[in-house]
Amino acid sequence: MINIETNRSIHIDDKQISTFIETGTAMFPMGVVFTKEELQYINDIQIKLPQEQVIIGDAGEPNLLYVSRLMVDLPGEKPTLVNRPLSESIINILNDKIRQKFFKKLLGKEKYLRRCQINRMTKNSFIGRHIDRDSNPDYDVAVVIHLGKQFDGGEFVVYPDNNKSYTFRPNYGTVLISQCKIPHEVLTVNSDERVSLVFFLSDYLEENRRIKNH
Ligand SMILES: O=C(O)CCC(=O)C(=O)O
Ligand SMILES: [Fe+2]
């Protein structure tokens, strides 16, 4: 186990709030939401998880990446932990008192974690433009923790309206929090490995209300 300071308070600055309002996305640098030790702990566990190749996303968009699942959220079902006990050790940190307090401060209320996975992207991998609410209409925000130590490309691009796009260039330890109603994509990775842990927060913890259409 690792030592977690249970009363640490995560700082959110005014610029992060205004960027979140303008673009639907907030970016926190290394060490702010998760400490270096916590990231190392997550990384040491996640490399042991099984992986599967994904070439098509929930919204039918083209993808090319490897995914390791920790919590799945299938249409008509409640969220379910998979790959225990490794998944459980990681999710306990994502959802502890420190992080719950932080999400409440940023989002105005407490949220439930539904679905959690690791996305592994090597050279030529990408995630096509999509809306996370096509996977579950009750998703509020996606939290993306960057675990890749070195990679080129793989920018996170959001399209909050038809005329504007914003590009975020994450690196190791960056946490991006993005609203699930906003279209976004991950551009092609040009070298090395981009690894991210993604989880989705929601107000709703019952069966996934998505209507399955493919
Ligand atoms: O890995 C990322 O940066 C985000 C991926 C994404 O958009 C998703 O899994 O829905
Ligand atoms: Fe997404």
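Residues numbered from 1 in each chain as written. Chains lettered and ligands numbered in written order. Predicted model: local features only at pLDDT ≥ 70, side-chain atom pairs only at ≥ 80, totals over all residues. Heavy atoms only, no water.

**Re the UniProt feature "domain: Fe2OG dioxygenase" (unreviewed entry) in the protein chain**
Note the threshold: UniProt positions are given in the numbering used here, feature names are shortened, and annotations may be inferred rather than shown by experiment. By the criteria applied, helices consist of DSSP H or I runs no shorter than four residues and strands consist of E runs no shorter than two, each listed in order from the N terminus.
Under the present numbering, the feature "domain: Fe2OG dioxygenase" (unreviewed entry) in UniProt falls on residues 112-203. The distance from the first to the last C-alpha atom of residues 112-203 is 6 Å, and the span holds 0% helix and 63% strand.

**Topic: helix H3 (residues 86-94)**
Note the following rule: Three exposure classes are used, based on accessible area relative to the maximum for each residue type with a 1.4 Å probe and protein chains only: buried under 20%, partly exposed in between, and exposed over 50%. Here the arc refers to the set of directions running from the helix axis out to each C-beta atom.
Every buried residue of H3 is listed here: Ser87, Ile90, Ile91, Ile93 and Leu94. The buried residues of H3 occupy one face: seen down the axis, they fall within an arc of 155°.

**Some points on the layout of surface pockets**
To be explicit about the condition: A 1.4 Å probe that fits into a set of points on a 1 Å grid over the protein atoms alone but cannot get out defines a cavity; an open set with protein on both sides within 12 Å along at least five of seven lines defines a pocket, and lining residues are those with an atom within 4 Å of a point. Grid points are joined across faces, edges and corners, and a volume is the space filled by probe spheres set on the points. Note on residue categories: nonpolar means Ala, Val, Leu, Ile, Met, Phe, Trp, Tyr, Cys or Pro, charged means Asp, Glu, Lys or Arg, and polar means any other residue, Gly included.
Quantified by volume, the largest pocket comes out at close to 660 Å³. Taken together, 37 residues form the lining of the largest pocket, with Asp58, Arg69, Arg115, Gln117 and Ser135 sitting closest to its centre. The set of elements that each furnish at least two residues to the lining of the largest pocket consists of strand E2 (52-56), strand E3 (62-72), strand E5 (112-121), strand E6 (126-130), strand E7 (139-146), strand E12 (184-186) and strand E14 (194-202). With 6 residues, E3 is the largest single contributor of residues to the lining of the largest pocket. Classifying every residue of the lining of the largest pocket by side-chain character gives 17 nonpolar, 8 polar and 12 charged.

**A look at the coordination of the iron ion (ligand 2)**
Counted only if it meets this: Coordinating N, O and S atoms are those within 2.8 Å of the metal (3.2 Å for Na, K and Ca), and as water is not part of the atoms, a site may appear to have fewer donors than expected.
At this site the iron ion (ligand 2) is bound by His130 (NE2), Asp132 (OD) and His184 (NE2), with donor distances of 2.1 to 2.2 Å. The motif formed by the donor residues of the iron ion (ligand 2), counted along the single chain, is H-x1-D-x51-H. Note that His130 is positioned in strand E6 and His184 in strand E12, a separation of 54 residues in sequence. The buried category is assigned to His130, whose relative accessible area is 15%.

**Comments concerning unusual backbone geometry**
Omega for the peptide link from Arg84 to Pro85 comes to 0°, which places this bond in the cis form. Looking at where Pro85 falls in the secondary structure, it is placed in the loop between strand E4 (80-81) and H3. Of note, Asn124 is a non-glycine position whose phi angle comes to about 80°, a positive value. Checked against the element boundaries, Asn124 lands in the loop between E5 and E6. Despite not being glycine, Asp192 shows a phi value in the positive range, around 60°. Note on placement: Asp192 falls in strand E13 (residues 189-192).

**Here we look at the nonpolar core**
As a reminder of what qualifies: Here, nonpolar core refers to any group of buried Ala, Val, Leu, Ile, Met, Phe, Trp, Tyr and Cys residues whose side-chain atoms link them within 4.5 Å.
Of all hydrophobic cores here, the largest spans 37 residues; its most connected members are Phe34, Leu94, Cys116, Ile145, Ile177, Leu197 and Phe199. By residue number, the principal contributor to this core is helix H4 (residues 97-107), which donates 5 residues. Judged by nonpolar contacts, the second largest core, of 19 residues, contains Val67, Leu176, Ile182 and Val198.

**Structural notes on H4**
Taken as a whole, H4 has its buried residues at Ile98, Arg99, Phe102, Phe103, Leu106 and Leu107. All buried residues of H4 lie within an arc of 135° about the axis, which places them on one face of the element. Just downstream of H4, Gly108 is the residue with a positive phi angle, here 90°.

**Here we look at the packing of aromatic side chains**
Put simply, the rule is: Pairing of aromatic side chains here covers Phe, Tyr and the six-membered ring of Trp, requires ring centres within 6.5 Å, and sorts the geometry by plane angle: under 30 degrees stacked, over 60 edge-to-face, intermediate tilted. For a Lys NZ or an Arg CZ to count as sitting over a ring, it must be within 6 Å of the ring centre and within 35 degrees of the ring normal.
Scanning the model with the defined rule gives 4 aromatic pairs in all. When the centroid spacing of 5.2 Å and the interplanar angle of 85° are considered together, the rings of Phe28 and Phe102 count as edge-to-face. Placement of the pair is Phe28 in strand E1 (residues 25-28) and Phe102 in helix H4, with a sequence separation of 74 residues. With a centroid separation of 6.0 Å and 75° between ring planes, the pair formed by Phe103 and Phe199 is classed as edge-to-face. Taken together, the positions of Phe103 in helix H4 and Phe199 in strand E14 put the pair 96 residues apart, joining distant regions of the chain. Through a chain of ring-to-ring contacts, the aromatic side chains of Phe28, Phe102, Phe103 and Phe199 assemble into a single cluster. Sitting over the face of the ring of Tyr172, Lys149 holds its NZ or CZ atom 4.9 Å from the ring centroid.

**Regarding the site of ligand 1**
Applicable threshold: The rule for a residue being near a molecule or strand is that one of its heavy atoms must lie within 4 Å of it. N or O atoms closer than or at 3.5 Å make up a polar contact, with two conditions inside protein: a donor-capable atom paired with an acceptor-capable one, and, for residues adjacent in sequence, both atoms drawn from side chains. Computed with the Shrake-Rupley method and a 1.4 Å probe, the accessible areas treat only the protein chains shown as cover for residues. Throughout, a molecule is located in a cavity or pocket provided that more than half of its atoms lie within 2 Å of its grid points.
Near ligand 1 you find Asn119, Ile127, His130, Asp132, Val144, Phe156, His184, Val186, Arg194, Ser196, Val198 and Phe200, and these make up its full shell. Contact distances for ligand 1 include 2.8 Å between an oxygen atom and a side-chain N or O atom of Arg194. One of the side-chain nitrogen or oxygen atoms of Ser196 is found 2.7 Å away from an oxygen atom of ligand 1. Its free accessible area being 300 Å², ligand 1 has 95% of it covered by the protein chains. One can see that ligand 1 is located within the largest pocket. Looking at the shell around ligand 1, the elements with two or more residues in it are E6, E12 and E14. Broken down by element, the shell around ligand 1 gets its largest block of residues, 4 residues, from E14.

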